[in-house]
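Okay, here's what each chain looks like letter by letter:
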Amino acid sequence: MKKSAIVEKIIGNLSQYSPSQNPATAYAPTNIALVKYWGKRNQELNLPVTSSLSISLADKGAETTLSISSIKQDVFILNGKLVPATSSFHRRLSLYLDLFRPNNLFLDVNIVSTVPIAAGLASSACGFAAMALALDKFFSWQLSSQQLSILARLGSGSASRSLWSGFVEWHAGVREDGMDSYAEPLHEKWPELGVGLMMVSESEKSISSREAMQLTIETSELYKSWPQKVEHDLKTLKQAIQEKNFDLLGKTAESNALAMHATMLSAWPPVSYCFPETIAAMRRVWQARADGLSVYFTQDAGPNLKLLFIDQDAIRQYFPEIEEIRPW
Ligand code: DP6
C-alpha cells in the first residue's frame with residue numbers, strides 16, 4: 001500500500017480543499033524516546049514493529065509557516081537560509097508535500113528550528129509534525145490529532161509522537177494500512193523531570209537511523225528479543241510514570257537504549273553510533289550513580305547522550321557542560 005492511498009483514506013479528494021490566501025503557521029516540539037522505536041514492519045508507511053514512548057522537549061522544536069509559492073517549485077527557508085533545491089533535505093520535504101498537493105500547487109515553506117541538531121536531537125520528528133499541523137491549517141482539512149499523527153508518521157516514524165507536549169505513546173497497531181498506528185498523549189505530568197544534552201561530538205552520522213534499523217532487523221540475531229524487551233520496558237515505564245518513581249524511569253530508559261544499541265552491534269555489517277567519548281560519558285554517569293547521584297542516560301542514533309535527572313543543582317555540579325531542558 002502506498003502513502004498516497006493512506007492520504008486519500010484520511011483526507012479524501014485533495015482538490016476539494018482550497019489553500020488559504022494567508023500564511024498558516026504551526027509549531028511542534030521534538031521528542032526523545034524513553035522506550036525506543038527501532039525497526040519497521042512496513043517501510044513505505046513507517047509502521048513500527050513495537051510501540052514506543054517519548055517525552056517532548058517543550059520549546060525545542062520547529063515552527064513552520066506555509067504560503068502559496070509564486071514559482072512552480074517549493075521553496076524552503078530554514079532559519080533564514082534558503083535550502084538548496086539539490087539537497088536531500090529539500091528532496092525529502094518536497095516528496096512529502098507531493099502527497100498533499102492539489103492541482104500542482106507549490107509552497108513557500110519557512111521553518112524556524114530551535115533544535116540543536118548538532119546535539120543529536122531529532123529534527124525530522126518536529127519537522128514533519130509541524131508540517132502536518134501547518135498543512136491541516138493551510139487547507140482547512142480539520143483532521144483529528146489521531147489522523148494528523150498518522151500523516152506525520154508518513155514523513156518520519158518518530159514524528160507521529162511530536163504533536164503533543166509531555167509523555168506520548170505511539171501504538172504500533174496491527175493493521176496493514178496502519179490506521180491503528182498513531183500516537184496519544186499520557187495524562188500524567190512530571191514537571192520536575194529534567195533532560196540534559198551531553199555533547200561528545202558534532203560529527204555527522206555515519207549511517208541514518210532509517211538504514212540502520214533496517215539492517216538490524218534483517219541481520220541481527222539479537223533483534224529477535226527486542227519486541228519482548230520493549231513490551232516489558234513499556235509496562236515498567238508506565239508504572240514508573242504513574243508512581244513518579246524516577247529511578248525506575250531512569251533505569252528502564254537507560255536499559256532500553258543500551259539494548260537497542262546492542263541489537264545494532266550484532267547486525268552485519270555492525271553499526272555503532274558510539275565514539276570513545278560516548279563510552280567515557282556513560283562511565284561518568286555510572287560513576288555519578290555509584291557516588292549516590294540519581295542520573296541516567298538515553299542515546300539515539302548518534303554519539304551524544306541525553307541525561308535524565310530530577311536534582312538540577314547536583315547535576316550542574318557534576319556535569320557543568322550539559323545544556324538543560326525542562327520538558328514542561
Ligand atoms: C533511535 O523516526 O528518524 O530516534 O521512521 O525512518 O524516519 P524513520 O526513523 P526515525 O527513527 C528514530 C529512531 C530513534 C528512536 C526513537 O525516536 O524512537
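## What about the overall build of the protein?
And step 1. Counting its regular elements, the protein contains 9 helices and 13 strands.
And step 2. The C-alpha radius of gyration of the protein comes to 20 Å, within 12% of the 20 Å expected for a compact globule of 328 residues.
And step 3. Principal-axis analysis of the C-alpha atoms gives the protein an extent of 60 × 40 × 40 Å.
And step 4. Among the 328 residues that make up the protein, the fraction classed as buried is 53%.

## A look at the site of the ligand
And step 1. Every one of the 18 residues lining the ligand counts as a neighbour, but Tyr-37, Lys-40, Ser-156, Ser-158 and Arg-210 are closest to it.
And step 2. In the model, an oxygen atom of the ligand is placed 2.7 Å from a nitrogen or oxygen of the Gly-157 main chain.
And step 3. One of the side-chain nitrogen or oxygen atoms of Ser-158 is found 2.7 Å away from an oxygen atom of the ligand.
And step 4. Burial of the ligand by the surrounding chains reaches 93%, relative to a free accessible area of 460 Å².
And step 5. In this structure, the ligand is accommodated by the largest pocket.

## So, empty space enclosed by the protein
In this approach a probe as big as a water molecule rolls over the atoms, and the regions it shows empty are the leftover space.
And step 1. Throughout the structure, instances matching the rule amount to 1 cavity of 30 Å³ or more.
And step 2. There is about 40 Å³ of room inside the largest cavity.
And step 3. What lines the largest cavity is Leu-97, Phe-100, Arg-101, Pro-102, Leu-105, Leu-107, Leu-135 and Phe-139.
And step 4. Broken down by class, the residue content of the lining of the largest cavity amounts to 7 nonpolar, no polar and 1 charged.

## Some thoughts on the pairing of strand β7 (residues 107-113)
And step 1. By the alternation rule, side chains of β7 split into Leu-107, Val-109, Ile-111 and Ser-113, which are all buried, and Asp-108, Asn-110 and Val-112, of which none is buried.
And step 2. With 7 bridges connecting them, strand β4 (residues 52-68) and β7 associate as antiparallel partners. Paired with Leu-66 across the two strands is Val-109, which belongs to β7.
And step 3. Pairing between strand β5 (residues 75-78) and β7: 4 bridges, direction parallel. Looking at the pairing, Val-75 lines up with Asp-108 of β7.

## Section: the packing of aromatic side chains
And step 1. According to the stated counting rule, one finds 10 aromatic pairs in the structure shown.
And step 2. The interplanar angle of 45 degrees and the centroid separation of 5.5 Å between the aromatic rings of Phe-100 and Trp-141 together place this pair among those described as tilted. Linking Phe-100 in the loop between α2 (88-98) and β7 with Trp-141 in the loop between α3 (123-139) and α4 (145-155), this pair joins segments that are 41 residues apart in sequence. Here Phe-100 and Trp-141 have matching classes, each one buried.

## Some details on the sheet that holds strand β11 (residues 295-298)
Strand pairing within a sheet occurs via backbone hydrogen bonds; the two strands may be parallel or antiparallel.
And step 1. The 4 strands are arranged β11-β12-β10-β13 in an open sheet whose pairing can be described as antiparallel. Strands with a single pairing partner mark the edges of an open sheet, and in this sheet they are β11 and β13 (323-325). Neighbour-to-neighbour, the strand axes of the sheet open up by a mean angle of 30 degrees, direction not taken into account.
And step 2. Of the pairings in the sheet, the one linking β11 to strand β12 (residues 305-309) comprises 4 bridges and is antiparallel in character. Bridge pairing links Tyr-296 to Leu-308 in β12.
And step 3. In the packing of helix α7 (residues 246-265) onto the sheet, the strands contacted are β11 and β12, and the crossing angle to β11 comes to about 30 degrees.
And step 4. This element, helix α8 (residues 276-290), spans β10 (194-198), β11 and β12 of the sheet and lies at about 155 degrees to β11.

## Some thoughts on the pattern of salt bridges
And step 1. Following the criterion strictly, the structure yields 14 salt bridges and no others.
And step 2. With a closest N to O distance of 3.0 Å, Glu-169 and Lys-238 form a salt bridge. With Glu-169 in strand β8 (residues 167-170) and Lys-238 in helix α6 (residues 226-243), this pair connects stretches of sequence that are 69 residues apart.
And step 3. With relative accessibility at 9%, the residue Glu-169 sits in the buried group.
And step 4. We note a salt bridge from Lys-224 to Glu-221, for which the minimum N-O separation is 2.8 Å.
And step 5. Taking relative accessible area as the criterion, Glu-221 reaches 56% and is therefore assigned exposed.

## Considering the layout of surface pockets
And step 1. Here the largest pocket is characterised by a volume of approximately 1,500 Å³.
And step 2. Lining the largest pocket are 49 residues, with Leu-121, Ala-122, Ser-123, Ser-124 and Lys-205 sitting closest to its centre.
And step 3. Within the residue set of the lining of the largest pocket, elements represented by two or more residues are β1 (24-35), β4, α2, β7, α3 and α5 (209-219).
And step 4. Ranked by residues supplied to the lining of the largest pocket, first place goes to α3 with 6 residues.
And step 5. Class assignment for the residues of the lining of the largest pocket results in 22 nonpolar, 17 polar and 10 charged.
And step 6. For the lining of the largest pocket, the domains that each give at least three residues are domain 1 (3-185) and domain 2 (194-325).
And step 7. By volume, the second largest pocket is sized at about 180 Å³.
And step 8. For the second largest pocket, the full set of lining residues is Lys-3, Arg-92, Leu-95, Tyr-96, Leu-99, Phe-128, Leu-154, Gly-155 and Arg-210.
And step 9. When residues of the lining of the second largest pocket are traced back to their parent elements, those giving at least two are α2 and α4.
And step 10. Of all the elements, α2 adds the most residues to the lining of the second largest pocket, at 3 residues.

Calculation criteria
The numbers attached to residues start from 1 for each chain and follow its sequence in the written order. Totals for whole chains, interfaces and linings use all residues, but because this is a predicted model, local features are given only for residues with pLDDT of at least 70 and pairs of side-chain atoms are given and counted only at 80 or more. Excluding hydrogens and water, the side-chain values take into account all heavy atoms of the structure. Only DSSP runs of H or I with at least four residues qualify as helices, and only runs of E with at least two residues qualify as strands; both kinds are numbered from the N terminus onward. The reference for a compact globule is 2.2 Å times residues^0.38; the radius of gyration itself is calculated from the C-alpha atoms. Per-residue accessibility, obtained with a 1.4 Å probe over protein chains only, is compared with the maximum for each type, and a residue is labelled buried under 20%, exposed over 50%, and partly exposed between these values. Whether a residue is near a molecule or strand depends on its heavy atoms: if one lies within 4 Å, it is near. Here a polar contact is recorded for every N or O atom pair within 3.5 Å, except that within protein the pair must consist of a potential hydrogen donor and a potential acceptor, and residues adjacent in sequence are included only if both atoms are side-chain atoms. Method for areas: the Shrake-Rupley scheme with a 1.4 Å probe, in which residue coverage is limited to the protein chains shown. Points on a 1 Å grid over protein atoms alone make up a cavity when a 1.4 Å probe fits among them but cannot get out, and a pocket when they form an open set with protein on both sides within 12 Å along at least five of seven lines; lining residues each have an atom within 4 Å of a point. For a cavity or pocket, the test is whether more than half of a molecule's atoms lie within 2 Å of its grid points; if they do, the molecule sits there. Grid points are joined across faces, edges and corners, and a volume is the space filled by probe spheres set on the points. The residue classification treats Ala, Val, Leu, Ile, Met, Phe, Trp, Tyr, Cys and Pro as nonpolar and Asp, Glu, Lys and Arg as charged. All others, Gly included, are polar. Pairing between two strands is assigned when DSSP locates at least 2 bridges connecting them. The rule is short: rings of Phe, Tyr and Trp, with Trp giving its six-membered ring, pair when the centres are within 6.5 Å, and they are stacked under 30 degrees, edge-to-face over 60, tilted in between. Here the axes come from fitting lines to C-alpha atoms, over the contacting stretch only for helices, and the angles between their N-to-C directions go from 0 to 180 degrees. Any two residues whose heavy atoms approach within 4.5 Å at even a single point are treated as in contact. By definition here, a salt bridge exists when the distance from a side-chain nitrogen of Lys or Arg to a carboxyl oxygen of Asp or Glu is within 4 Å. Where each domain begins and ends follows an automated or database-derived domain assignment.

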